[in-house]
Amino acid sequence: MGAPSHSWRPALAVLAAVIGVAVLGPVLWRVDPNRVGDLATLRSAASSWAHPLGTDENARDLLARLIAGARVSMAFGVLAAAVTAVIGAGVGLLAAVSRPWVDRACMSVVDVGIAVPRLLLLIVLTAAFGRLSWGWLAVAMGTTGWFALARLVRARARALVGGDFAVAARALGAPTMRVAVRHLIPNVTGTIAAATVLAFAHAVTLEAALSFIGQGAEIPIATWGGLISEGRAQIATAPRLVLLPAIAIVVTVLAAGVVADRVERGEPWTRANGAR
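Worth saying up front: this structure is predicted, and the values here are computed from it rather than measured. (Residues numbered from 1 in each chain as written. Predicted model: local features only at pLDDT ≥ 70, side-chain atom pairs only at ≥ 80, totals over all residues. Heavy atoms only, no water.)

We now examine the packing of helix α3 (residues 62-97) against helix α6 (residues 134-143). Interaxial distance between α3 and α6 falls to 7 Å at its minimum, and their mutual angle equals 40 degrees. As judged from the angle between their axes, α3 and α6 are oblique. You can see that α3 and α6 cross each other, and the crossing is right-handed. The residues of α6 that touch α3, namely those facing A75, F76, L79, A80, V83, T84 and I87, are W134, G135, L137, A138, V139, M141, G142 and T143. (Axes fitted to C-alpha atoms, helices over the stretch in contact; angles between N-to-C directions. Helix = DSSP H or I, 4+ residues; strand = E, 2+ residues; numbered from the N terminus. Parallel < 35°, antiparallel > 145°, perpendicular 65-115°, else oblique. Left-handed = near helix turned anticlockwise from the far one by under 90°. Contact = heavy atoms within 4.5 Å.)

We now examine the pattern of salt bridges. Inspection of every chain in the model, using the stated rule, returns 7 salt bridges. Close ionic contact of D56 with R60 constitutes a salt bridge, the shortest N to O distance being 3.0 Å. In this structure, D56 and R60 share a single accessibility class: buried. Here R65 makes a salt bridge to D56, at a shortest N to O gap of 3.7 Å. Members of the salt-bridge network, linked through shared partners, are D56, R60, R65 and E230. (Salt bridge = Lys/Arg side-chain N within 4 Å of Asp/Glu carboxyl O. Buried < 20%, exposed > 50% of the residue type's maximum accessible area, 1.4 Å probe, protein only.)

Turning our attention to the packing of aromatic side chains. This model, assessed by the stated rule, comprises 1 aromatic pair. Between W146 and F147, the ring centres sit 4.3 Å apart and the planes meet at 40 degrees, which makes this aromatic pair tilted. For the pair W146 and F147, one class covers both residues: buried. (Phe/Tyr/Trp six-rings, centres within 6.5 Å; stacked < 30°, edge-to-face > 60°.)

It is worth spelling out unusual backbone geometry at this point. Despite not being glycine, A59 shows a phi value in the positive range, around 65 degrees. By the secondary structure assignment, A59 is in the loop between α2 (39-42) and α3. On the basis of relative accessibility, which here comes to 3%, the residue A59 falls in the buried class.

For R65, the position within the fold is in helix α3. The spatial distance from the C-alpha of R65 to the C-alpha of L227 is 8.0 Å, given a sequence separation of 162 residues. Filtering out sequence-adjacent residues up to four positions away, R65 remains in contact with P33, N34, D56, R60, P220, A222, L227 and E230. A polar contact of 3.4 Å, which involves the side chain of R65, links it to the side chain of E230. (Polar contact = N/O pair within 3.5 Å; in protein donor to acceptor, adjacent residues only side chain to side chain.)

Here the focus is the nonpolar core. Residues L15, M74, F200, W224 and A256 are the most contacted members of the largest nonpolar core, which totals 29 residues. Broken down by secondary-structure element, the contributors of at least two residues to this core are α1 (8-28), α3, α9 (176-212), α10 (224-231) and α11 (240-265). Examining the composition of this core, we find that 9 residues originate from one element, α11, more than from any other. In contact with F200, not counting residues within four places along its chain, are L15, M74, G77, V78, A81, T252 and A256. Among the nonpolar cores identified, the runner-up in size contains 12 residues, and L122, L132, L137 and L206 belong to it. (Core = buried A, V, L, I, M, F, W, Y, C linked by side-chain atoms within 4.5 Å.)

Take a look at the structure:
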């Protein structure tokens, strides 16, 4: 076999840097992202010492707004991924160890959920209940995105149910839940972890899409998708207003995808023992 790829190392570093900016950015760059400057002199201004990335059409500091958008995107991603992991793993394990009719019922729900376009479902929810707070919107993302994870966990768990350790545990009288908790869950954690990281990436993308069409976080909260929407009218004269948040989204999602692939393959996070 060939040497394993080390592309996950820069990807992990990028993801850690984005999270670090989201957490520490407001401390390092203490500029209010919503403060409107002098429109006469600072409207869509170019980079300067006071504003390293320039300002937007409302004379607001673009660097501060990118940092604020990172905080929103990371919070969205983490909360939505956590909800997705809890529901998806629970339903997948339940389907794997339960009676056939329960399995069929769970998978029928999963099939319907996968068939419905997620973005369309979220748009319908925001239209029905009005603009949601960012926390509830993240929960809605999580509760509409667990279907694929449930199917993955079920497939992995069902392959393990017939294993010697599971058969031996049941032969000794271990209840189904004990078999699931003690024997199945430790063996599907890699699948759950990888799917959770991907759910984080999907949530970041969906939040940006919803903010772009005006259904995301409430104004004046800065979001990457909202920055793209605000800057598209000036893409010809000030393309950085669109390119910078777009690059932030793409880089974050790509880095999360590479890390998820590494987690799914289950390879060690340090050099192989034979490496010199």
